[in-house]
Number of protein chains: 4
Amino acid sequence: MALAIGVDIGGTKVAAGLVDEQGGIVASARRDTPSHDPARIEEIIADVVRELQASHEVEAVGIGAAGFVDAARSTVVFAPNLAWRDEPLRVNVEKRCGLPVVVENDANAAAWAEARFGAGRGQQYVVVLTVGTGLGGGLVTGGELYRGRQGIAAEFGHVTVEPGGRRCGCGGRGCWERYASGRALILEAQELATVSPAIAGRLLELAGGRPEAITGLHVTRAAQDGDEAALEAFRVIGTWLGQGMAALTAVLDPELFVLGGGVSAAGELLREPAERSLQERITARAYRQVPAVRLAEFGPEAGIVGAADLARRR
Amino acid sequence: MALAIGVDIGGTKVAAGLVDEQGGIVASARRDTPSHDPARIEEIIADVVRELQASHEVEAVGIGAAGFVDAARSTVVFAPNLAWRDEPLRVNVEKRCGLPVVVENDANAAAWAEARFGAGRGQQYVVVLTVGTGLGGGLVTGGELYRGRQGIAAEFGHVTVEPGGRRCGCGGRGCWERYASGRALILEAQELATVSPAIAGRLLELAGGRPEAITGLHVTRAAQDGDEAALEAFRVIGTWLGQGMAALTAVLDPELFVLGGGVSAAGELLREPAERSLQERITARAYRQVPAVRLAEFGPEAGIVGAADLARRR
Amino acid sequence: MALAIGVDIGGTKVAAGLVDEQGGIVASARRDTPSHDPARIEEIIADVVRELQASHEVEAVGIGAAGFVDAARSTVVFAPNLAWRDEPLRVNVEKRCGLPVVVENDANAAAWAEARFGAGRGQQYVVVLTVGTGLGGGLVTGGELYRGRQGIAAEFGHVTVEPGGRRCGCGGRGCWERYASGRALILEAQELATVSPAIAGRLLELAGGRPEAITGLHVTRAAQDGDEAALEAFRVIGTWLGQGMAALTAVLDPELFVLGGGVSAAGELLREPAERSLQERITARAYRQVPAVRLAEFGPEAGIVGAADLARRR
Amino acid sequence: MALAIGVDIGGTKVAAGLVDEQGGIVASARRDTPSHDPARIEEIIADVVRELQASHEVEAVGIGAAGFVDAARSTVVFAPNLAWRDEPLRVNVEKRCGLPVVVENDANAAAWAEARFGAGRGQQYVVVLTVGTGLGGGLVTGGELYRGRQGIAAEFGHVTVEPGGRRCGCGGRGCWERYASGRALILEAQELATVSPAIAGRLLELAGGRPEAITGLHVTRAAQDGDEAALEAFRVIGTWLGQGMAALTAVLDPELFVLGGGVSAAGELLREPAERSLQERITARAYRQVPAVRLAEFGPEAGIVGAADLARRR
């Protein structure tokens, strides 16, 4: 049985897993990252690889990192959380481990796991939307991960959906993730609770009466309890998701959208308005099947599984 | 030398060409289409194929049609100009001609010609935008034509760029082609000439003083003569093109946009503001090369050349 | 019985009437204006006054002109149709006629007629909206015509209702008259007929099949015949009227809106959606009576009647 | 010398002053309001009136209250902070005090003080905008307070400036106060500090590094220290103020706008961008004087001074 190791580098920890050919995690390991120094983190990676190699034969290592990875899946061009620029991660880790290494953007790796082993298994054209604090994702076309010319494809969060709209940290305005993300959900709920407290009773109760203290968990909990403002906040975010999904359908003609990320834990609260909005806005609906909209099956381990499998298929 | 025939079915004529491996047209033929009856048009196609076959050996026939073509490149699901539904064009023409046939959406065929032999030759990730009355195009990824799950990808004109904006014939609002197309250019120029006649002197002169009589050719001519309103109309359309191109870059990470279609005959009047707008709006600009923006090299014959080549590569 | 003369100066004619204290026109006169030269037009005004004076005793003359009139109701600061600047119309006409003269903006004069003798009689706070090619009107507060500091109040057409929206001849964008006027009605109907011809059958029939040939009369006629696109065009214009009326209600707290101008000849087709939109958007609706929305009772003679009455009350 | 008493009823206190004919406060008094019961608050009002009457002769009492006051200036139709409905405040207080009483909306009272004795003295057409948590104000036309048909005029905060925009507690969307108020200033600054922390260094320092902890005082302080994000937040709010002022100018043709309320304490940081935006957007600018934009001269005592003067002029 061919095993591969997947490594997920976050801002504060390195998590790794030994992954089999069906996407199952056979063993796992984790380390804190006391520093953002590349050499130090490479040493930590080598260390977890050694640990997981101890009892199994491993054929390759896949590393997922938040940031831009070059087209050769070798160098981290920019990693915002680690302040890395042009870091030759593949070569450095290969030297330390003696195994073939593939580097991938973490959202791409997670999307690959969903498309291969999760909600998208068996499908060829899959768009995975990771609805977390922001909005990211990955794209599978013709059964392969789509990476684009430079390896910076599928930056969905920065598609403009509202010209002149909300400011974005990318320097633009009206980016999709400013309307369809966990942060947007919170903003919407805070606005509703501020201007219409009468329909936000449960939400305000959870937040101690202070709209500015509302968190994403409050919104999900309140929505589950039937709070009208919280339900409306999910409808608004879902509607924006559906609008963007309709645009992606016009461009990509996929068979499936998978909704992942922390906000997708709210399940139907998010999926149902997103699907409805997609159906309302999709073009040429009379001549096509509307893509399905499903919830992700993997949780945070998606990045590890996807990175390992991409390394195995290198 | 392997020759293939490309056929372009329009609403009023069938145009065909014998195309060589370098995308050159060796011979051509054309017929009026007195009827939209599929059997009649299939007979006309067989007739032009026979004419072009008479003096050369032909290996395959590619047919481009305006409308949706299925994923097997065989059936015309819907052709608005011909009022066709689920027409098995490939099988019917193969029977009549005795040659292998491939059916493709006409904008996809034209885009393929540009990507293979025109402004995009040698490149792997190319987006062709056909700026005519409306806005269409095609997509080449990894050096192959991208067709999506059902063969209905690259319907760029119906990407929403302005939520709640101008109505579109597709039933939606705010579609890209309502802001970036020949029709949008005319509307913009008419509005400018109506509300600000003082800056639209040349434009109004060409249109006999009547804003509602302004045509696309008037706008191009007036812009070439320095008319401020006409130049502004091109800037507006170009800016919207650039906005959508920035969104496509976030999703697809291409190396090149090619601007084709009738409006692209205006050259730099269209390309320059489109490129500028793309550069201003593109995300992650510090970490990527901005895709190039070039004018198409083929004219109306692109569809014939592309269809023939796609048939040869079937 | 105190009679006064009202004079309405248009771009191509001078129309005048002898008006009694109940707003009735006892006699009328009209002259073409072969020139825009102020002295020539003043002579024509004196001439019609003399004609109407011949058989009745007249106490004053009121003149309505399209343009800005100063706060002293004496000088035409700017008249776009006549190309006048700072024309001392009162003094010049008084010299020629020997009667007291009052000059007023024509929309103000017409609004005064409606508020005093027409749809607003007996009411103290009346907003008259003149929905013609553009959008103008007048304002009556506390039973008196409201003129503002410089005599340039009630320029309703240039209230911004859509920031960054349609260009306006005033140099701004998103002015109310670009969304709620006869011109806007036509644009809306043309757009609908272009993108959704299936619901615009009657409208297109009237316009000879050409969306760009649609006129305001076509839209009214088609709407009366039940054409869905024409009805939608009226709903859109009415909805924008209502939105602006809601804003004016927040500022002015009026008891009545009167809809006049050429488009108001469509009656309920315009009034009903305007009233509904006002009711939906009005603020503090739980604590106030929603202003009534009525159709004007006067036609084109409103300006003559209003100017005469304002002169009598000078 | 004729003295009048002005009383300002807030949610937690009653503040009163003895006001002379020049708008000076000769003596003042204040009481906490332990309850929102109308009878209890009327007793407190009577009590402060007695205290201020002790040493001076008083001719009338003016009471300002947040809420809607009827056209007769007698009944509080609705007071949100006190949960009052149709409270006959004038009659009840007259019974207790034996003095003539006038009731007025508190923002109207404050606007009257500014127009009579403050930044607007000597002017006839004055719009006062109270930029506090929300946006309110008052309107003086022809030298008199404008009250409208039902006494609910000048509800500036709920003029729609952005159709479909931010939700408002009034149930609408896109109300002016959601874009031009203290709350809007904070939202804007929080957004900027979240998406562009690099230009919000001082602002984040004041807020302990937490965008959600930013207050209005932080924004003002940071702007005074040159923080680019805070300055931009003031520019945005000022620009929206100017847009609405341009709309009010088209309707009302005033000579002066006065900016009051808590946010106006920031002085030129607010006034300058508001004035610039008004100048850019005003219609018919070639034919009119642009209204002046001044900062209010009174602080929180404006309501007391205005209420007293309105009572004196009853």
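Small disclaimer: the values here were computed from a predicted structure and weren't measured. (Residues numbered from 1 in each chain as written. Chains lettered and ligands numbered in written order. Predicted model: local features only at pLDDT ≥ 70, side-chain atom pairs only at ≥ 80, totals over all residues. Heavy atoms only, no water.)

**Student:** I keep staring at the relation of the copies chain A and chain B and nothing clicks. Help me out?
**Tutor:** Copies of the same chain, two in number, are related to each other by a rotation about an axis and a translation along it. Here chain A sits on chain B after a turn of 180 degrees about the axis and a move of 0.0 Å along it, with an RMSD of 0.0 Å. Those values place the two copies in the arrangement expected of a two-fold rotation axis. Looking at the interface residues of chain A, 100% of them are also at the interface in chain B, so both copies use one shared face. (Least-squares fit on C-alpha atoms with pLDDT ≥ 70 in both. Contact = heavy atoms within 4.5 Å.)

**Student:** Would you take a moment to explain the relation of the copies chain A and chain D for this structure?
**Tutor:** When chain A is fitted to chain D, the best match, at an RMSD of 0.0 Å, comes from turning it 180 degrees and sliding it 0.0 Å along the axis. Of all interface residues in chain A, 100% are interface residues in chain D too; the two copies therefore contact each other through one and the same surface.

**Student:** How should the pairing of strand S1 (residues 3–9) of chain B be read in this particular structure?
**Tutor:** Residues and elements named next belong to chain B. The element S1 is extensively covered by neighbouring structure, given that seven of its seven residues are classed as buried. Alternating positions in S1 separate into two faces, Leu3, Ile5, Val7 and Ile9 on one and Ala4, Gly6 and Asp8 on the other, with burial throughout. Strand direction decides the pairing type here: S1 and strand S4 (residues 58–65), joined by seven bridges, are parallel. Bridging across to S4, Ala4 finds its partner in Ala60. As judged from the six bridges shared by S1 and strand S2 (residues 13–19), these two strands associate in the antiparallel manner. (Buried < 20%, exposed > 50% of the residue type's maximum accessible area, 1.4 Å probe, protein only. Helix = DSSP H or I, 4+ residues; strand = E, 2+ residues; numbered from the N terminus. Pairing = 2+ DSSP bridges.)

**Student:** Would you mind going over the sheet that holds strand S9 (residues 126–131) of chain A with me for this structure?
**Tutor:** All names here are of chain A. The five strands are arranged S11-S10-S9-S12-S13 in an open sheet whose pairing can be described as mixed. Bordering the open sheet on either side are strand S11 (144–145) and strand S13 (292–295), each of which pairs with just one other strand. Sheet topology places S9 next to strand S10 (residues 135–141); six bridges connect them, and they run antiparallel. The partner of Val128 across the bridge, within S10, is Gly138. Sheet contacts for helix H3 (residues 106–117): S9, S10, S11 and strand S12 (256–260); angle to S10, the most-contacted strand, approximately 50 degrees. Each of S9, S12 and S13 is contacted by helix H8 (residues 268–281), which is oriented at about 170 degrees to S13, the strand it contacts most. (Axes fitted to C-alpha atoms, helices over the stretch in contact; angles between N-to-C directions.)

**Student:** For this particular structure, what's the right way to read the interface of chain A and chain B?
**Tutor:** For an interface, size is often stated in terms of accessible area lost upon the parts coming together. Across the boundary between the two partners, chain A contributes 43 residues, which contact 43 residues of chain B. Across the chain A to chain B interface the summed buried area is about 3,600 Å²; carbon plus sulfur atoms make up 56%. Among the residues of chain A in contact with chain B, Arg149, Val251 and Tyr287 of chain A are the three that bury the most area, contributing 22% of the side total. Run the count over chain A and chain B and you get zero salt bridges. There are 20 residue pairs in polar contact (both at pLDDT 80 or more) connecting chain A and chain B. Sorting the residues of the side of chain A that touches chain B by element identifies strand S6 (76–79), S10 and helix H7 (228–252) of chain A as the ones contributing at least two each. The element that contributes the greatest number of residues to the side of chain A that touches chain B is H7 of chain A, accounting for seven residues. Residue composition of the side of chain A that touches chain B, by class: 26 nonpolar, nine polar and eight charged. (Buried area = accessible area lost by both parts, 1.4 Å probe. Salt bridge = Lys/Arg side-chain N within 4 Å of Asp/Glu carboxyl O. Polar contact = N/O pair within 3.5 Å; in protein donor to acceptor, adjacent residues only side chain to side chain. Nonpolar A, V, L, I, M, F, W, Y, C, P; charged D, E, K, R; others polar.)

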